[in-house]
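Analysis of the macromolecular model
Residues per chain, in single letters:
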Amino acid sequence: MNFKISKSWKNILQDEFEKEYFIQLIDFIKQEYKTQKIYPPDYEIFNAFNLCSFNNLKVIIIGQDPYHGEGQAHGLCFSVKDGVKTPPSLRNIYKELHDDLGKEIPKTGNISHWAKQGVLMLNATLTVRAKQAASHQKKGWETFTDFVIKKISDEKENLVFLLWGSFAQKKGCLIDKSKHFILESPHPSPFSAHKGFLGNRHFSKTNDFLVLKGLDKINW
């Protein structure tokens, strides 16, 4: 196994890594990688953390599960690797970006450049079996990522949390609303995007807030 997490996050999360539930989770995950086809590749499990340092954190987007199709997942919610067809939810994210900020719709579904600017794209569950959606839910990942969200809320201030869909919005209870800016809307999925995701202007609202706080805006 090739688990790696950047030093800035390791210092923050070290105590959590030593808890019994997390040790059991990693034992389970190691066995899964030995016996099943698992996404993302082991070295990309913590990609969201490795591409977005704790010190540079500005925005948090909360997803649910990694993509479970061949070559899609690479550790960032909603993002896929270069050369992979852009998934429907991300197409709607691009549509809203175009309508909100006039951004040209990219040919790639890889949005890792957001992470490098301080956007933590965090799935609640960090691994999944191939072609088996939700197969690694309730194994311990949610306990870990809930801790991450609450730790971020407690340790930082003036962050923007983008909570798209009912699953993400349930995480709102972990966030100190007096310290952070929370934006909620329906999920960008084709099943719900037209119920309020499209037209939410979350990208411009995020940048307006960052500028108000004296921070650089995100180049979405």
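So, here is what we can say about the structure in this document. (Residues numbered from 1 in each chain as written. Predicted model: local features only at pLDDT ≥ 70, side-chain atom pairs only at ≥ 80, totals over all residues. Heavy atoms only, no water.)

Overview of the pairing of strand β2 (residues 59-63)
The buried count for β2 comes to five of five residues, which makes it a mostly enclosed element. With burial as the criterion, each face of β2 is covered, one bearing V59, I61 and G63 and the other bearing I60 and I62. Of the pairings in the sheet, the one linking β2 to strand β5 (residues 160-164) comprises three bridges and is parallel in character. Residue pairing across strands places V59 opposite V160, the latter belonging to β5. (Buried < 20%, exposed > 50% of the residue type's maximum accessible area, 1.4 Å probe, protein only. Helix = DSSP H or I, 4+ residues; strand = E, 2+ residues; numbered from the N terminus. Pairing = 2+ DSSP bridges.)

Looking at the pattern of salt bridges
If you walk through the whole model with that rule in mind, you get eight salt bridges. For the salt bridge of R201 with D100, the shortest nitrogen-to-oxygen distance reads 3.4 Å. One end of the pair, R201, is in the loop between β6 (181-185) and α8 (202-212); the other, D100, is in helix α4 (residues 88-101), with 101 residues separating them in the sequence. Take R201: its relative accessible area is 41%, and that puts it in the partly exposed class. On the basis of relative accessibility, which here comes to 9%, the residue D100 falls in the buried class. (Salt bridge = Lys/Arg side-chain N within 4 Å of Asp/Glu carboxyl O.)

With respect to the side chain of E32
Within the fold, E32 resides in helix α2 (residues 20-35). Taking the relative accessible area as the measure of exposure, E32 reaches 6% and is therefore buried. In this structure E32 touches I38, R129 and H136, once residues within four positions along its chain are discounted. (Contact = heavy atoms within 4.5 Å.)

Comments concerning the layout of surface pockets
In this structure, the largest pocket spans a volume of roughly 590 Å³. Forming the boundary of the largest pocket are 30 residues, of which D65, Y67, F78, S89 and H187 lie nearest the centre. Elements represented by at least two residues in the lining of the largest pocket include exactly β2, α4, β3 (119-123) and α7 (166-169). At three residues, the largest contribution of residues to the lining of the largest pocket is made by α7. Of the residues in the lining of the largest pocket, the class split is 18 nonpolar, 11 polar and one charged. Roughly 220 Å³ of internal volume is contained in the second largest pocket. Together, F3, K4, I5, K10, F17, F22, I23, I26 and F46 line the second largest pocket. Elements that contribute at least two residues to the lining of the second largest pocket include exactly α1 (7-17) and α2. When residues in the lining of the second largest pocket are grouped by element, the largest group, three residues, is from α2. (1 Å grid on protein atoms, 1.4 Å probe; cavity = no way out; pocket = protein on both sides within 12 Å on 5 of 7 lines; lining within 4 Å. Points joined across faces, edges and corners; volume = space filled by probe spheres on them. Nonpolar A, V, L, I, M, F, W, Y, C, P; charged D, E, K, R; others polar.)

Description of the nonpolar core
In this structure, F49 and F144 are the most contacted members of the largest nonpolar core, which totals 67 residues. The greatest single-element share of this core, amounting to six residues, is contributed by α2. In this view, F49 contacts I5, S6, W9, L13, L120, L122, L126, F144 and V148; residues no more than four positions away in its chain are not counted. (Core = buried A, V, L, I, M, F, W, Y, C linked by side-chain atoms within 4.5 Å.)

Things to note about the sheet that holds β6
Neighbouring strands of a sheet are bound in pairs by backbone hydrogen bonds; such pairs are parallel or else antiparallel. What the four strands build is an open sheet, ordered β3-β2-β5-β6; its pairing is parallel. Looking at strand neighbours, the two that pair on one side only are β3 and β6, the edges of this open sheet. Recorded for the sheet is a direction-independent mean angle of 20° between the axes of neighbouring strands. Across five bridges, the pairing between β2 and β3 is parallel. Along β3, the bridge assignment pairs I62 with L122. (Axes fitted to C-alpha atoms, helices over the stretch in contact; angles between N-to-C directions.)

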